[in-house]
Amino acid sequence: MNDKEISEIINELGEQREQYFNSVAPPIIQTSNFSFKTVNDLRNAFEDESKNFIYSRAKNPTLNILSEKLAALDGAEDCLVVNSGAGAIFISVLANVKSGDHIISVAQPYSWTQKMFDTVFPRFNISVSYVDGRDANNFKDAIRDNTTLIYLESPNSWSFAIQDLHSIATLAKSKNIITVCDNSYCTPLYQQPIALGIDISVQSATKYICGHSDVVAGVICGSNEMISKIFKSEYMNLGIGTTPFNAWLLLRGLRTLSVRMDRVSANTKKIIEFLKNNEQVEKILYPLMPEFDQYELAKKQMKDAGGLFSFIIKAQSALEIENFCNSLRHILMAVSWGGYESLIIPGIASIPAAAFDASNEDHRRIRIYIGLEDADYIIDDLNRGFNSMKI
Ligand SMILES: *Cc1c(COP(=O)(O)O)cnc(C)c1O
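Residues numbered from 1 in each chain as written. Predicted model: local features only at pLDDT ≥ 70, side-chain atom pairs only at ≥ 80, totals over all residues. Heavy atoms only, no water.

Student: Mind showing me how you'd approach the packing of helix H4 (residues 85–94) against helix H5 (residues 111–120) here?
Tutor: The packing of two helices is summarised by the inter-axis angle and the distance between the axes. One can describe the packing of H4 onto H5 by two numbers: an axis separation of 9 Å at closest approach and a directional angle of 40°. When the interaxial angle is binned, H4 and H5 end up oblique. Judged by the sense of rotation from one axis to the other, the crossing of H4 with H5 is right-handed. Contacts between H4 and H5 pair Ala86, Ile89, Phe90 and Val93 from the former with Trp112, Thr113, Met116, Phe117 and Val120 from the latter. (Axes fitted to C-alpha atoms, helices over the stretch in contact; angles between N-to-C directions. Helix = DSSP H or I, 4+ residues; strand = E, 2+ residues; numbered from the N terminus. Parallel < 35°, antiparallel > 145°, perpendicular 65-115°, else oblique. Left-handed = near helix turned anticlockwise from the far one by under 90°. Contact = heavy atoms within 4.5 Å.)

Structure, rendered in structure tokens:
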């Protein structure tokens, strides 16, 4: 997809301004239901609840503008926008498995994806094998007679490990196995799972699509057949669709997706340069860095990499890392990412301070997201953090 096409999708596709007083911004159609003039009109509408506006648990015009754009950006036929990324993942997988099935998942997927596999699905006799996704052969070796789904997350949002989407999709197709890929890290602007052969591309829209840290939402893109299958069962049964107001905020976020992603990526490269030259940084993990062990694959399937990465900080004690984080004034300590604001999460927040082991890289890992601020403003803050460690 070229930049002109992206502009057209973001600015024009799905807008029907003449239907709402030629207002430039679309209205929030805050209604639960839609009325009909004649029995025949109602009868016609009932024929397909996935196409007609009848009830907002199914279809809503504000959501429709958004889902048309998101499907097009992903190069997909159709799309559903739901109340969270976790919900998008859950119903995409659930719709495609039954009791007795086996799933192969990339190791250490997003925490709630892993919880779904480890705690919910075993109750329904669905088993999961985890494989190191850096070698596509591991998927091949893990396939069993009852394998029906392969779950991918590339890059992983903590380790940034990558899977070869095209070769895994090709393998899966040859065995009639459905593939799902979490594309939150790249968004369709930087990686196109569907074009690489993946069946379902999911995203946490809470991250870059929203971009303003004020909505939790998820996106599911796929073929008409696949989306219709999910819509008619899990989507409608759970009532999981996003609200008109949140759809409107997501549309507003989407208007600036390309400029935000470009700015975030440019900022990130400057900050990585700064960190590379810093003696207190042992290692940086960012897929589009020549030092990254999967750099060639990253370059092949990703256009760019956005603002999320990790670095391993040199520290002898948990206190040093705590001083680093606690002294920051601009970079916020918070989960999530993809918004306008830079964020940091230290690995030590997940363990008791007394359990700190300097020889364990994970304990010295700092995950950072670079937002839209001026790069030097962030660098000043990082310098403040590094200086605080020396005291
Ligand atoms: C945040 C995130 C999710 C979950 O999305 P929510 O919108 O928080 O439910 C899933 N996958 C990845 C990679 C994420 O970063």
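Student: Looking at this model, I keep getting lost on the environment of Tyr340. Mind explaining?
Tutor: If you trace the backbone, Tyr340 turns up in the loop between strand S10 (332–333) and strand S11 (343–346). For the pair formed by Tyr340 and Tyr369, sequence separation is 29 residues and the distance between their alpha carbons is 9.8 Å. Look past the residues within four positions of Tyr340 in its chain and what remains in contact with it is Gly211, His212, Gly371, Leu372 and Glu373.

Student: Any chance you could explain the nonpolar core here in plain terms?
Tutor: Soluble globular proteins tend to bury their nonpolar side chains together. One finds Ile220, Leu275, Phe309, Phe311, Phe324, Leu382 and Phe386 to be the most contacted residues of the largest nonpolar core, which totals 105 residues. In terms of residue count, helix H11 (residues 257–276) provides more of this core than any other element does, seven residues in total. Looking at this core, you find at least three residues from each of domain 1 (3–254) and domain 2 (257–387). If we skip the residues at most four places from it in the chain, Phe309 touches Phe160, Thr268, Ile271, Ile272, Leu275, Ile284, Leu285, Tyr286, Ile366, Arg367, Ile368 and Ile370. (Core = buried A, V, L, I, M, F, W, Y, C linked by side-chain atoms within 4.5 Å. Buried < 20%, exposed > 50% of the residue type's maximum accessible area, 1.4 Å probe, protein only. Domains from an automatic or database assignment.)

Student: Sorry, what's going on with the layout of surface pockets here?
Tutor: The gaps of empty space that remain are located by a probe, the size of a water molecule, rolled over the atoms. In this model, the largest pocket occupies a volume close to 1,200 Å³. Around the largest pocket, the lining is made up of 49 residues, and of these Gln108, Asn156, Ser157, Trp158 and Ser159 lie nearest the centre. Sorting the residues of the lining of the largest pocket by element identifies H4, H5, strand S6 (200–204), strand S8 (281–285) and strand S12 (365–369) as the ones contributing at least two each. Classifying every residue of the lining of the largest pocket gives 18 nonpolar, 19 polar and 12 charged. Both domains that meet at the lining of the largest pocket, namely domain 1 (3–254) and domain 2 (257–387), each give it at least three residues. Together, 16 residues line the second largest pocket, and Ser50, Lys51, Lys59, Asn64 and Asp78 are the ones closest to its centre. Taken together, the elements giving at least two residues each to the lining of the second largest pocket come down to helix H3 (61–73), strand S1 (78–82) and helix H9 (224–238). Here the lining of the second largest pocket takes five residues from H9, the largest share from any one element. Its residues assigned to classes, the lining of the second largest pocket shows five nonpolar, five polar and six charged. (1 Å grid on protein atoms, 1.4 Å probe; cavity = no way out; pocket = protein on both sides within 12 Å on 5 of 7 lines; lining within 4 Å. Points joined across faces, edges and corners; volume = space filled by probe spheres on them. Nonpolar A, V, L, I, M, F, W, Y, C, P; charged D, E, K, R; others polar.)

Student: Which parts of the structure should I look at to understand the sheet that holds strand S4 (residues 147–153)?
Tutor: Two strands in a sheet stick together by hydrogen bonds in their backbones, pointing the same way (parallel) or opposite ways (antiparallel). The seven strands are arranged S1-S7-S6-S5-S4-S2-S3 in an open sheet whose pairing can be described as mixed. Each end of this open sheet is capped by a strand with a single partner; those strands are S1 and strand S3 (127–131). Strand-to-strand twist in this sheet, taken as the mean axis angle between neighbours without regard to direction, amounts to 20°. With five bridges joining them, S1 and strand S7 (residues 218–222) adopt antiparallel strand pairing. Bridge assignment links Val81 to a residue of S7, and that residue is Val219. (Pairing = 2+ DSSP bridges.)

Student: Help me understand the site of the ligand in this model?
Tutor: Residues in close proximity to the ligand total 15 residues, the closest being Ala86, Asp182, Ser204, Thr206 and Lys207. Asp182 is positioned with one of its side-chain polar atoms (N or O) 2.6 Å from a nitrogen atom of the ligand. Trp337 places a polar side-chain atom, nitrogen or oxygen, 3.3 Å from an oxygen atom of the ligand. Its free accessible area being 380 Å², the ligand has 90% of it covered by the protein chains. When atom positions are compared with the pocket grids, the ligand is found to occupy the largest pocket. Tallying contributions element by element places H4 first for the shell around the ligand, with three residues. Class assignment for the residues of the shell around the ligand results in six nonpolar, six polar and three charged. (Near = heavy atom within 4 Å. Polar contact = N/O pair within 3.5 Å; in protein donor to acceptor, adjacent residues only side chain to side chain. Areas by Shrake-Rupley, 256 points an atom, 1.4 Å probe, with all protein chains shown as cover. Sits in = over half its atoms within 2 Å of the grid points.)

Student: Got a minute to help me understand the side chain of Asp381 in this structure?
Tutor: For Asp381, the position within the fold is in helix H14 (residues 375–390). The exposure class assigned to Asp381 is buried, which follows from its relative accessible area of 0%. Within polar-contact distance, the side chain of Asp381 engages the backbone nitrogen of Ile331 at 2.7 Å.

Student: Help me out: how do you make sense of the pattern of salt bridges in this one?
Tutor: Think of it this way: side chains of opposite charge can pair up when their charged atoms draw near. In the structure shown here, the tally under the stated rule is 18 salt bridges. Glu12 is the partner of Arg17 in a salt bridge, and the nearest nitrogen-oxygen pair spans 3.6 Å. Between Asp132 and Arg134 there is a salt bridge, and its shortest N-O distance comes to 2.8 Å. Classification of Asp132 by relative accessible area gives partly exposed; the value is 34%. Several salt bridges share partner residues, and in doing so they unite Glu12, Glu15, Arg17, Lys69 and Arg255 into one network. (Salt bridge = Lys/Arg side-chain N within 4 Å of Asp/Glu carboxyl O.)

Student: Help me understand empty space enclosed by the protein in this model?
Tutor: In the structure shown here, the tally under the stated rule is two cavities of 30 Å³ or more. In terms of lining, the largest cavity is formed by Ala58, Lys59, Asn60, Leu63, Asn64, Ser67, Cys79, Leu80, Val81 and Tyr235. Contributing elements (two or more residues each) for the lining of the largest cavity: H3 and S1. Every residue along the wall of the second largest cavity is listed here: Leu308, Ala334, Ser336, Trp337, Leu343, Ile344, Ile345, Arg367, Ile368 and Tyr369. For the lining of the second largest cavity, the class distribution of residues is eight nonpolar, one polar and one charged.

Taken by themselves, the reported measurements are silent on function.
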